[in-house]
Amino acid sequence: MHSDYSQEELVAIVAELAAQYFGYEHSSVTYERAQGFMEAVLYCINEGENAGGGTLPLRDASARELYESGRRIVTEKVGKLRELYNELIPEFEDYGVACLGDTVGRGIPAFLQRYDVKFAPQETLLTLDYPVLKDLGAASGIDRVLNYMTCISVEQRFLGKFGTAYVTEILSAYDDDYGDLTENICEIVLGNLIGHLLADKPPESRGFDGAELENVQKMLQGKSEEALAREIAMPLQFFLERYYENRTVLAEYLKNDIPNITARIRCCVQNHCLDRIFLI
Amino acid sequence: MGAKQENWLELATKQTQMTQFLETNRYTEKFGLSLSQEDAKLLAQSRTETLKREQRVEFGAGILPKIIETFCDSAYMMQDNYRDSLIRLQDIFYLYKNEMLDEITDDELLEFMREQFENVCFGDFDYLEGTCLYIFAQAIRAGYSGYMQSQGRGEFEKFDMVTRWDKDLYLETLKELAWR
């Protein structure tokens, strides 16, 4: 990986970046700034390496070749993010949740405006406050933001089928001040949907009566989280097959939340309070 | 990772071009100044130490040839203090690159240093470092940017607290000396 390249090779690229950054007017830079440039170089090299069997055969590629190829990939990813954002934004719905609206509506354009492919591609710039269901890991820069926006796009597709009124109804049943929530709204809607699927009620129907909740309670009583996950998997799959085209990505995304949801359902079963998840 | 980072930063700094230091002799000799191999070695060593102390990395030939070019015709630069003066100027330069938060370019800083060294400090390094540059750095950090138009020339008098020319005092002294 990175250690395969000599430090001389990397330092030469860093020196070039530093000179360009300061317009050849400063012959020296602080350690901190130099470190930032080195991170930029390593980030691009990493992109070049991860592109794998792409344009460059890795064995023969020099650090500079990989760096340049990586930088092109980063630029392409920024283009993809812009495309994704432009596709998403006309139909984008934040359902009154300020955190989601701000992160996507204000954060992403600010990122696109300020992201520096050449001198600081490793900087994420945004805190991405609205949480998504997928673990974005240690990724930074464009990788993190593009990944994040892909998650948002999948969520919008999932929530879009329910309609704004239905989603906001679920959210207000969950929390009167749902506008200030910093939780994933997809998870709240998914929890409610699972209630409908387990109670064998159509997804668009509203409200659970005491008997329905009691039946679900009996059905789930004493089951482990793994057993609950198995119980949920099949009806959820049927639901996705019925309502969504190209559902593989969506199913994969929602699967990230299953351990969390099953833990919550199990807790509610134990405490006889399923109405906290199965909301309307 | 930390040790590795330090390594590459040191590596970048150690790429000193002693030959480039010695090449400056070609144009400094007409001012009666020259560096020996030993001097060049010492200057390179001092550069490495200063950069480490100031936590800076320098790529390429670095600032020393430019310092030499700027100061070689100074009235206060003599062969017997040449090497030590360069070491001192190099130290001051890096210190104030940091103090001025890299807001000022190499050329602007050198121009300012040279002007003060000649006209205000009269060859006094301590005054250059501790007063002139100290005050100027404060102004830069506070957001002053007038040096961009002047390229660093004629800047210090805007911040100087000492009256450098007092006409009345001059006439009084002149009267005392000449009219008695």
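Here's what I pulled together on the structure shown here. Residue positions are counted from 1 within each chain, in the order its sequence is given. Both sets of labels track the order of writing: A upward for chains, 1 upward for ligands. Residues qualify for local features only when their pLDDT is at least 70, as the model is predicted, and side-chain atom pairs are given and counted only at 80 or more; totals for whole chains, interfaces and linings, by contrast, use all residues. To get the side-chain values, all heavy atoms of the structure are used, and hydrogens and water are removed first.

**Quick notes on the pattern of salt bridges**
Item 1. Criterion for a salt bridge: a side-chain nitrogen of Lys or Arg within 4 Å of a carboxyl oxygen of Asp or Glu. A complete count under the given rule lists 23 salt bridges over all chains for this structure.
Item 2. Ionic pairing is found between Glu129 of chain B and Arg88 of chain B, a salt bridge with its closest N-O pair at 2.8 Å. With Glu129 of chain B in helix H8 (residues 125-141) and Arg88 of chain B in helix H6 (residues 82-99), the pair connects residues that are 41 residues apart, well separated along the chain.
Item 3. Residues participating in the shared-partner salt-bridge network are Glu16, Arg64 and Glu68 of chain A. Secondary structure elements follow DSSP: runs of H or I of four or more residues count as helices, runs of E of two or more count as strands, with numbering from the N terminus.

**Description of the interface of chain B and chain A**
Item 1. Two residues form a contact once any of their heavy atoms are found within 4.5 Å. Taken residue by residue, the interface counts 24 residues in chain B and 17 residues in chain A.
Item 2. For any pair of parts, buried area is found by adding up, for both, the accessible area (1.4 Å probe) each one loses once the two are put together. Interface area, chain B with chain A, both sides summed: about 2,000 Å², of which 59% is carbon and sulfur.
Item 3. N or O atoms closer than or at 3.5 Å make up a polar contact, with two conditions inside protein: a donor-capable atom paired with an acceptor-capable one, and, for residues adjacent in sequence, both atoms drawn from side chains. Our count for the contact surface shared by chain B and chain A stands at seven residue pairs in polar contact (both at pLDDT 80 or more).
Item 4. When residues of the side of chain B that touches chain A are traced back to their parent elements, those giving at least two are helix H1 (2-14), helix H4 (37-53), strand S1 (56-58) and H6 of chain B.
Item 5. Residue polarity follows a fixed list, in which Ala, Val, Leu, Ile, Met, Phe, Trp, Tyr, Cys and Pro are nonpolar, Asp, Glu, Lys and Arg are charged, and the others, Gly among them, are polar. When its residues are assigned to classes, the side of chain B that touches chain A shows 10 nonpolar, seven polar and seven charged.

**Thoughts on unusual backbone geometry**
Item 1. A positive phi angle is found at Asn246 of chain A, which is not glycine, with a value near 40°.
Item 2. Phi is positive for Phe122 of chain B, close to 50°, though the residue is something other than glycine.
Item 3. Here Phe122 of chain B lies in the loop between helix H7 (106-119) and H8.
Item 4. When a residue's accessible area, from a 1.4 Å probe over protein chains only, is under 20% of the maximum for its type it is buried; when over 50% it is exposed; and in between it is partly exposed. The class for Phe122 of chain B is exposed, based on a relative accessible area of 52%.

**Looking at helix H5 (residues 64-71) of chain B**
All names here are of chain B.
Item 1. Those residues of H5 not exposed but buried are Leu64, Pro65, Ile67, Ile68 and Phe71. With its buried residues spanning 160° around the axis, H5 presents them on a single face.
Item 2. Structurally, H5 contributes buried residues whose contacts are with helix H2 (18-23), helix H3 (25-28), H4, H6 and H7. To obtain the arc, one takes the directions from the helix axis to the C-beta atoms.

**So, helix H11 (residues 258-270) of chain A**
Residue and element names in this part refer to chain A.
Item 1. If you check H11, its first and last C-alpha atoms are 18 Å apart, about what 13 residues at 1.5 Å a residue would give, namely 18 Å.
Item 2. Residues of H11 that are buried include every one of Ile258, Ile261, Thr262, Ile265, Cys268 and Val269, and no others. One face of H11 carries all of its buried residues, which in axial projection span an arc of 125°.
Item 3. Those residues of H11 that are buried are in contact with helix H7 (185-198), helix H8 (210-220), helix H9 (225-243) and helix H10 (248-255).
Item 4. Phi for His272, located one or two positions after H11, is positive at around 50°. In this scheme, a helix's expected span is set at 1.5 Å multiplied by one less than its residue total.

**What about the nonpolar core?**
Item 1. In plain words, nonpolar cores are sets of buried Ala, Val, Leu, Ile, Met, Phe, Trp, Tyr and Cys residues tied together by side-chain atoms within 4.5 Å. One finds Ile152, Phe158, Ile265 and Phe278 of chain A to be the most contacted residues of the largest nonpolar core, which totals 101 residues.
Item 2. Discounting chain neighbours no more than four positions away, the residues touching Ile265 of chain A are Ile194, Leu220, Leu228, Ile232, Leu274, Ile277 and Phe278 of chain A.
Item 3. Counting 41 residues, the second largest nonpolar core, distinct from the first, contains Leu110, Phe136, Ala137 and Ala139 of chain B.

**Side note on the packing of aromatic side chains**
Residue and element names in this part refer to chain A.
Item 1. In summary, the pairing rule links any two rings of Phe, Tyr or Trp, Trp by its six-membered ring, whose centres are within 6.5 Å, and it sorts them by plane angle into stacked for under 30 degrees, edge-to-face for over 60 and tilted for everything else. Enumeration over the complete set of coordinates arrives at 18 aromatic pairs over all chains.
Item 2. Plain terms: the ring middles of Phe239 and Tyr244 are 6.1 Å apart, the flat faces sit at 65° to each other, and that makes the pair edge-to-face. As far as burial versus exposure is concerned, Phe239 and Tyr244 are alike and both buried.
Item 3. Grouping aromatic residues by their ring pairs yields a cluster made of Phe158, Phe162, Tyr166, Phe239, Tyr243 and Tyr244.
Item 4. Think of it as a cone above the ring: NZ of Lys or CZ of Arg counts as a charge over the ring if it is within 6 Å of the ring centre and within 35 degrees of the ring normal. For the cation-ring pair, Lys161 lies above Tyr244, with the distance from its terminal atom to the ring centre recorded as 5.7 Å.
Item 5. The residue whose ring lies beneath Lys201 is Phe208, and the NZ or CZ to ring-centre distance is 5.4 Å.

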